[in-house]
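# Architecture at a glance
One letter stands for each residue in the lines below.
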Amino acid sequence: MKILITGGAGYIGSHLVDALIAQGHELYVVDNLATGKIDNIQHLLENEHFHFVNDSILNETLMERIIEQVDLIYHLAAVVGVKHVIDNPLRGILTNVRGTEIVLELAYKYWRKVVIASSSEVYGKSEKAPLAEEDDSILGPTAVGRWSYALAKAIDEHLAFIYHDKGLPISIVRYFNSYGPRLDPRGYGSVVAKFINQALAGKPLTVFSDGQQTRCFTYVDDTVKGSILAANLKGAEGQSFNIGNSRETTILELAQLVKKLVGSPSGIVHVPYERAYGADFEETRRRVPDVRKAERVLGFRAEVPLEEGLRKTIDWFQCGR
Ligand code: UDP
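What comes next is a walk through the structure. (Residues numbered from 1 in each chain as written. Predicted model: local features only at pLDDT ≥ 70, side-chain atom pairs only at ≥ 80, totals over all residues. Heavy atoms only, no water.)

All right, on to helix α8 (residues 251-262) then. The terminal C-alpha atoms of α8 lie 16 Å apart, and with 12 residues this matches the ideal 16 Å at 1.5 Å per residue to within 8%. Of the residues making up α8, those classed as buried are Ile251, Leu252, Leu254, Ala255, Leu257, Val258 and Val262. (Helix = DSSP H or I, 4+ residues; strand = E, 2+ residues; numbered from the N terminus. Expected span 1.5 Å × (residues − 1). Buried < 20%, exposed > 50% of the residue type's maximum accessible area, 1.4 Å probe, protein only.)

Take a look at the structure:
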């Protein structure tokens, strides 16, 4: 197949590209390298089955030219990561909403299947555990910048469902804290990358607040596997899926584990949220996926244990780059 991956030079996107190239597909990537990196796809630039365009998904003429040629689209390009969105909320909202609108409009015109990459952030600060796909989103006030990311992703999902109502095949994958090689310490999944960098440098690991907030860290091979299943299975159309590992880990435990696996003498310091994100910050204390629907419909289950995934990620930070 000919496949477009928007954001294919990014951390998750580039792993998805690798997996699909290995399956023998022809890949098109549009990425403006705002957070994506040429290093992530450097090894493919000479490959005749790989075509890279360094441009924005907001360039409609370009997007039309490519979408016309492909059979399937994975839409991953977005401004991601709480920190990026807080630092530049306008760019976050415009790229994330308008970009998805362009992809879906063109997919509808040429009738192409689209997999929309969404985020566990859409559940907002709901503390229900585990979170099922049909559960309510609970967002804070609009004066708190963090929630604009969840809202933009939620609008993307609404748009996808609207096009599905018109008959277009779409699937939505909600990623839960993906981590692995190529993570950007300044970007998405920053806590794992930051802790590894800090531990390797012998600097203190910065645990925000009491460190009792939890996340379910999902190794990137599992993130990619879930995305491909959502694209390939007819039964996945018109639905959203939690793509995540169900093991819940506190941030303090994560810090201790990274420290141990690196063999680092670093200490652990607690930093108040206000110092990290500014005065108006609101946190999501727990975020655990209900994985039953993904298991039932996609046959998907995250398999890589946290220790193993962290070891591979640490190896990459140490010598793989
Ligand atoms: N976090 C932390 N120290 C850091 C960066 C993040 O304790 O240096 C915490 C953050 O407050 C959150 C968790 O790690 O509770 C995950 O943060 P990340 O930005 O990686 O992802 P998200 O909040 O989107 O799940």
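A complete count under the given rule lists 5 aromatic pairs for this structure. With a centroid separation of 6.2 Å and an interplanar angle of 40°, the aromatic rings of tyrosine 123 and phenylalanine 176 are classed as tilted. Here tyrosine 123, found in the loop between β5 (113-119) and α5 (147-165), pairs with phenylalanine 176, found in the loop between β6 (170-175) and β7 (178-179); they are 53 residues apart in sequence, far enough to count as distant. Neither tyrosine 123 nor phenylalanine 176 differs from the other in exposure class; each is buried. By the ring-pair criterion, three or more aromatic residues cluster together here, those being Tyr108, Trp111 and Tyr163. The aromatic ring of tryptophan 147 is capped on one face by arginine 146, whose charged end is 5.2 Å from the ring centroid. Its guanidinium or amino end placed over the ring of phenylalanine 241, lysine 293 lies 5.1 Å from that ring's centre, counting from NZ or CZ. (Phe/Tyr/Trp six-rings, centres within 6.5 Å; stacked < 30°, edge-to-face > 60°. Lys NZ or Arg CZ within 6 Å of the ring centre and 35° of its normal.)

Let's shift gears to the packing of helix α2 (residues 60-67) against helix α4 (residues 89-110). Running from amino to carboxyl end, α2 crosses α4 at an angle of 40°, the nearest separation of the two axes being 10 Å. When the axis of α2 is compared with that of α4, the two are oblique. With respect to the hand of their crossing, α2 and α4 are arranged in right-handed fashion. Residue-level inspection shows Glu60, Met63, Glu64 and Ile67 of α2 in contact with α4, the latter providing Arg98, Ile102, Val103, Leu106, Ala107, Lys109 and Tyr110. Its residues assigned to classes, the contact of α2 with α4 comprises 7 nonpolar, no polar and 4 charged. (Axes fitted to C-alpha atoms, helices over the stretch in contact; angles between N-to-C directions. Parallel < 35°, antiparallel > 145°, perpendicular 65-115°, else oblique. Left-handed = near helix turned anticlockwise from the far one by under 90°. Contact = heavy atoms within 4.5 Å. Nonpolar A, V, L, I, M, F, W, Y, C, P; charged D, E, K, R; others polar.)

On to the packing of helix α1 (residues 11-22) against helix α7 (residues 220-232), then. The contact between α1 and α7 brings their axes to 9 Å, and the two run at 65°. Taken together, α1 and α7 sit at an angle that is classed as roughly perpendicular. With respect to the hand of their crossing, α1 and α7 are arranged in right-handed fashion. Of α7, the residues touching α1 (which contributes Tyr11, Ile12, His15, Leu16, Ala19 and Leu20) are Val220, Thr223, Val224, Ser227 and Ile228. Its residues placed into classes, the contact of α1 with α7 shows 8 nonpolar, 3 polar and no charged.

Position of threonine 6 relative to the elements: it lies in strand β1 (residues 2-6). Within the structure, the side chain of threonine 6 is placed 2.9 Å from the backbone nitrogen of leucine 76, a separation counted as a polar contact. Those residues in contact with threonine 6 that sit more than four places away from it in its chain are Val30, Ile57, Met63, Tyr74, His75, Leu76, Ala77 and Val103. (Polar contact = N/O pair within 3.5 Å; in protein donor to acceptor, adjacent residues only side chain to side chain.)

For the ligand, the set of nearby residues contains 18 residues, the closest of which are Lys194, Thr206, Phe208, Arg215 and Glu283. Between an oxygen atom of the ligand and a side-chain N or O atom of asparagine 177, the distance comes to 2.9 Å. Note that an oxygen atom of the ligand is positioned 3.3 Å from one of the side-chain N or O atoms of glutamine 213. Contact with the protein chains removes 94% of the 520 Å² of surface that the ligand exposes when unbound. Contributing elements (two or more residues each) for the shell around the ligand: α6 (190-201), β8 (205-208) and α9 (273-277). For the shell around the ligand, the leading source of residues is α6, giving 4 residues. (Near = heavy atom within 4 Å. Areas by Shrake-Rupley, 256 points an atom, 1.4 Å probe, with all protein chains shown as cover.)

As a further point, take the pairing of strand β11 (residues 239-243). The element β11 is largely enclosed, with a buried count of 4 among its 5 residues. Bridge analysis of β6 against β11 gives 5 bridges, and the strand direction is parallel. Across the sheet, residue serine 171 finds its bridge partner in β11, namely glutamine 239. (Pairing = 2+ DSSP bridges.)

Within the structure shown, the criterion is met by 23 salt bridges. One salt bridge in this structure joins glutamate 237 and lysine 234, with 3.1 Å as the shortest N-O distance. A residue is classified by how much of its surface remains accessible, and lysine 234, at 65% relative accessible area, is exposed. Among the ionic pairs, arginine 247 bridges to glutamate 307, the shortest N-O distance being 3.2 Å. Taken as a pair, arginine 247 in the loop between β11 and β12 (249-250) and glutamate 307 in helix α11 (residues 306-320) lie far apart in primary sequence, 60 residues in all. Judged by relative accessible area, which is 37%, arginine 247 ranks as partly exposed. (Salt bridge = Lys/Arg side-chain N within 4 Å of Asp/Glu carboxyl O.)

With that out of the way, let us pick up the environment of isoleucine 57. If you trace the backbone, isoleucine 57 turns up in the loop between β3 (50-53) and α2. With 150 residues separating them along the chain, isoleucine 57 and valine 207 place their C-alpha atoms 35 Å apart. Every residue in contact with isoleucine 57, bar those within four places of it in the chain, is listed here: Thr6, Val30, Met63, His75, Ala77, Thr95, Gly99 and Ile102.

A few words on unusual backbone geometry. Proline 130 follows alanine 129 through a cis peptide bond whose omega is -5°. Position of proline 130 among the secondary structure elements: in the loop between β5 and α5. Located in the positive-phi region is leucine 33, a residue other than glycine, with phi close to 60°. Judged by relative accessible area, leucine 33 falls into the partly exposed class, the value being 26%. Positive phi values are uncommon outside glycine, yet serine 209 reaches one of about 60°. Along the polypeptide, serine 209 turns up in the loop between β8 and β9 (214-215).

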